[in-house]
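Next come the chains, spelled out residue by residue.
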Amino acid sequence: MDTFIQLTLTGLTNGIILALAALGFVLIYKASDVINFAQGEFLMIGAYMLYAAIVQIGLPWSLGVVVTLLVAVLLGVLVERLVLRPLIGEPIISVIMATIGLSSLLQALVRMIWGSQPKAFPAFIPSTPVNILGATIGADRLWAIAIAVVMMLLFAFFFQRSREGIAMRAVADDQQAAMSMGISVKKVFAWAWSIAAMTAAIAGALVANIIGVGPHLSHFGLRVFPVVILGGLDSIPGAIIGGIIIGLLEAYVGGYIGGGLNQVISFIVLVVILMVRPYGLFGQEIIERV
Amino acid sequence: MISGTFHTSYRSDMALRRTWLERLRLGLFIAFILAFPFLVGKKPYPLFLMNQIGIATIGAIGLNILVGYTGQISLGQGAFMAVGAYTAGILTARFGVPWWLTIPIAALFTAAVGALFGIPSLRLKGLYLAIATLAAQEIIIWVVTHWDAVTGGVDALVVPAPMIGSLRMNTDFRFYWIIWALAGLTALLTANLFRTRYGRAFIAIRDQDIAAEVMGVNVFAYKLLAFAVSSFFVGVTGALIAHYRGIVTWERFTIDVSVLYLAMIIIGGLGSISGSLFGAAFMTLLPAFLTNLGRSLRGVFPAMDEFIPYLQQASFGLVIILFLILEPEGLKKIWDDIKNYFALWPFSY
């Protein structure tokens with residue numbers, strides 16, 4: 001029973017962080033139909049920016065977080081403006097390859113600046129073990145869950161209440177109709193990319209706090225795929241629930257079956273989902289028969 | 001000056017090379033390939049690069065059949081190559097099958113695996129298919145690294161040197177002829193494939209799958225066939241790598257390889273055989289060029305050595321993005337533009 005609770009807690013934290021990374025991914029797809037293969041690099045850059053701001057420049061925590069978020073917004077807007085906008089209307093493969101090229105470029109830039117060795121992250125959240133129902137878990141993981149949940153609530157509020165959030169939903173629903181209602185689709189794309197980069201940066205900071213800063217953080221970019229397919233590519237609640245399911249699944253498989261199967265189980269689930277229900281648990285169902 | 005190409009017989013109309021200029025260019029290219037080892041005085045480094053290009057060309061043509069001609073995006077190229085390499089390697093190392101026989105066997109086995117992982121294309125296309133093949137990539141490489149009994153797991157698989165009589169074939173000079181003979185054969189087969197009903201069905205599926213179905217093309221069967229044919233050539237590539245390098249490790253077949261080959265066909269030109277060659281050459285020579293540039297700058301910037309890998313990675317990403325934005329049809333288009341310019345010279349505008 002103790003193992004079970006332990007695994008559940010670990011899986012839950014991993015899942016929540018995955019969900020946070022997936023959130024930005026879904027947001028971009030929803031708004032602009034682009035699959036962002038560079039999401040993992042966004043996450044990594046977020047972590048490195050926080051590292052640079054706090055350790056290398058020596059800013060206080062609060063200011064460091066603000067600077068990181070600003071850089072993330074800038075990154076998102078630049079990427080949208082310089083890489084994705086010229087490719088509007090191009091075939092899917094071009095867009096996929098552009099974001100893959102982008103991931104390679106960003107990865108290389110980060111390594112040029114900070115080298116390829118992982119660095120210890122100064123724990124801004126204490127990792128003292130906490131006892132829950134007989135299982136121990138680092139307090140940093142609990143904080144990660146709490147921060148992620150707050151982020152998601154903010155998201156929900158943004159989409160339900162704010163003017164920009166509603167504009168974004170309108171664009172996701174129907175670009176032409178949104179445009180004819182006076183919504184600037186370009187602005188919405190820029191919003192989507194900067195918010196995605198921001199959530200990725202926060203997810204990156206949370207992961208870095210647990211496992212340190214390094215180029216390996218970009219692996220989250222690939223791990224996002226099973227999450228978004230399971231939840232549905234265009235569903236924000238799907239990304240959250242999918243993240244938690246995949247996180248738990250990987251933890252249970254790793255704990256009870258072992259043999260490294262946890263590294264690949266999510267991709268097996270991904271294939272099964274694609275075969276049975278390509279639109280995922282909550283995605284919009286598009287039927288096309290050929 | 002040629003005002004146009006006018007054919008007076010079906011024979012000339014259907015020929016692969018239709019004008020004397022095209023035949024001349026092909027002849028010059030073949031002559032270059034034949035003369036190259038002697039031009040460089042059998043030096044290992046240029047031959048090694050040329051062999052890399054030849055191997056990559058076969059793989060790029062294979063991927064182009066699937067992505068460029070049939071329109072099915074695949075991120076599983078690296079894993080399919082691993083299947084070919086490991087099949088050839090294991091057959092030679094463990095079962096003593098002659099090395100030349102392992103190449104077709106590996107190709108056929110890879111074709112079967114490719115067709116198996118093409119099954120999701122029954123329901124999926126575009127983005128979703130790309131993600132499904134990404135999963136195939138991860139799953140196959142996981143199997144390769146965890147099925148210790150067969151593949152040797154994460155350890156390198158040592159492949160005995162290919163021999164003809166008492167001649168060891170995998171020197172840069174001797175293997176050059178094998179690689180380029182197979183590359184030529186691949187190009188010829190592929191060029192002819194797209195003059196048959198099968199090839200035309202592939203193109204019809206790419207252009208409009210619903211229209212293809214209406215015209216009586218069995219879309220599902222032909223998609224699977226495209227996966228199989230494409231994987232066949234990818235398997236050849238894998239087998240060649242196994243025999244050329246004499247060692248097979250999973251690290252050579254990661255997702256990065258899939259991306260590299262996609263980059264080759266996009267930069268070279270989708271749906272084009274010469275484009276595959278251009279792309280393979282470009283993506284092989286670019287990192288080599290950067291390495292040499294970095295080495296020659298070593299005197300000026302001593303830190304250059306550790307910088308080179310990052311520079312290669314950055315230029316890889318940058319080149320993809322720049323090509324997609326500035327010349328989405330790739331090097332093939334640039335080459336065509338040059339040809340067209342001179343076709344009407346001096347009255348071109």
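Each value, and the rule that gives it
Residues numbered from 1 in each chain as written. Chains lettered and ligands numbered in written order. Predicted model: local features only at pLDDT ≥ 70, side-chain atom pairs only at ≥ 80, totals over all residues. Helix = DSSP H or I, 4+ residues; strand = E, 2+ residues; numbered from the N terminus. Rg over C-alpha atoms; globule rule 2.2 N^0.38 Å. Buried ≥ 20, exposed ≤ 12 C-beta atoms within 10 Å, placed from the backbone. Contact = placed C-beta atoms within 7 Å. Nonpolar A, V, L, I, M, F, W, Y, C, P; charged D, E, K, R; others polar. Core = buried A, V, L, I, M, F, W, Y, C linked by C-beta atoms within 7 Å. Bend = angle between axes of the 7 residues up to and from the residue. pLDDT = per-residue confidence, 0-100.

Caption draft 1: Quick peek at the overall build of chain B. Scanning chain B from terminus to terminus reveals 15 helices and 4 strands. In summary, chain B has a C-alpha radius of gyration of 21 Å against a globular reference of 20 Å for 349 residues, a match within 12%. Counting only C-alpha atoms, chain B reaches 60 × 55 × 45 Å along its principal axes. Within chain B, buried positions represent 44% of all 349 residues.

Caption draft 2: Fine view of the overall build of chain A. Check the secondary structure of chain A and you find 11 helices and 2 strands. Taking 2.2 N^0.38 as the reference for a compact globule, 290 residues should give roughly 19 Å; the C-alpha atoms of chain A span a radius of gyration of 19 Å, in line with that estimate. Principal-axis analysis of the C-alpha atoms gives chain A an extent of 55 × 50 × 35 Å. In chain A, which comprises 290 residues, the proportion classed as buried is 51%. Of the contacts made within chain A by residues no fewer than 6 positions apart, 74% connect residues no fewer than 24 positions apart.

Caption draft 3: Up close: unusual backbone geometry. Although it is not a glycine, aspartate 33 of chain A adopts a positive phi angle of roughly 60°. Relative to the helices and strands, aspartate 33 of chain A is located in the loop between helix 1 (2-32) and helix 2 (39-56). One non-glycine residue, lysine 42 of chain B, lies in positive phi territory at about 55°. Note that lysine 42 of chain B resides in the loop between helix 2 (20-39) and helix 3 (44-69).

Caption draft 4: Representation of the interface of chain A and chain B in the model. At the junction of the two partners, chain A supplies 34 residues and chain B supplies 36 residues. For the side of chain A that touches chain B, the secondary-structure elements that each account for two or more residues are helix 4 (92-114), helix 9 (220-231) and helix 11 (265-276) of chain A. Residue contributions to the side of chain A that touches chain B peak at 16 residues, all from helix 4 of chain A. A per-class count over the side of chain A that touches chain B returns 26 nonpolar, 6 polar and 2 charged.

Caption draft 5: A look at the environment of alanine 170 of chain A. All names here are of chain A. Among the secondary structure elements, alanine 170 is positioned in helix 6 (residues 163-173). Looking at alanine 170, the number of C-beta atoms within 10 Å reads 17, which means it is partly exposed. Separated by 139 residues in sequence, alanine 170 and alanine 31 place their C-alpha atoms 8.9 Å apart. Every residue in contact with alanine 170, bar those within four places of it in the chain, is listed here: Ala178, Met181 and Ile183.

Caption draft 6: Highlighting the nonpolar core. Ranked by size, the top nonpolar core spans 198 residues in total, and within it Ala21, Ala22, Ala47 and Ala192 of chain A together with Ala82 of chain B carry the most contacts. The element contributing the most residues to this core is helix 8 (residues 185-211) of chain A, with 18 residues. Residues in contact with alanine 22 of chain A, not counting those within four places in the same chain, are Val224, Val227, Val228, Ala239, Gly242 and Gly243 of chain A.

Caption draft 7: Focus on helix 14 (residues 304-326) of chain B. At tyrosine 310 of chain B, helix 14 of chain B shows its largest kink, close to 25°. Regarding helix 14 of chain B, the residues found buried are Gln313, Ala314, Phe316, Gly317, Ile320, Ile321, Phe323 and Leu324 of chain B. Against helix 3 (61-84) and helix 4 of chain A together with helix 12 (255-268) and helix 15 (330-343) of chain B lie the buried residues of helix 14 of chain B.

Caption draft 8: Geometry of the confidence of the model for chain B. Scored by pLDDT, chain B has a mean of 90; 99% of the residues are at 70 or more. Complex prediction metrics read pTM 0.91 and ipTM 0.87.

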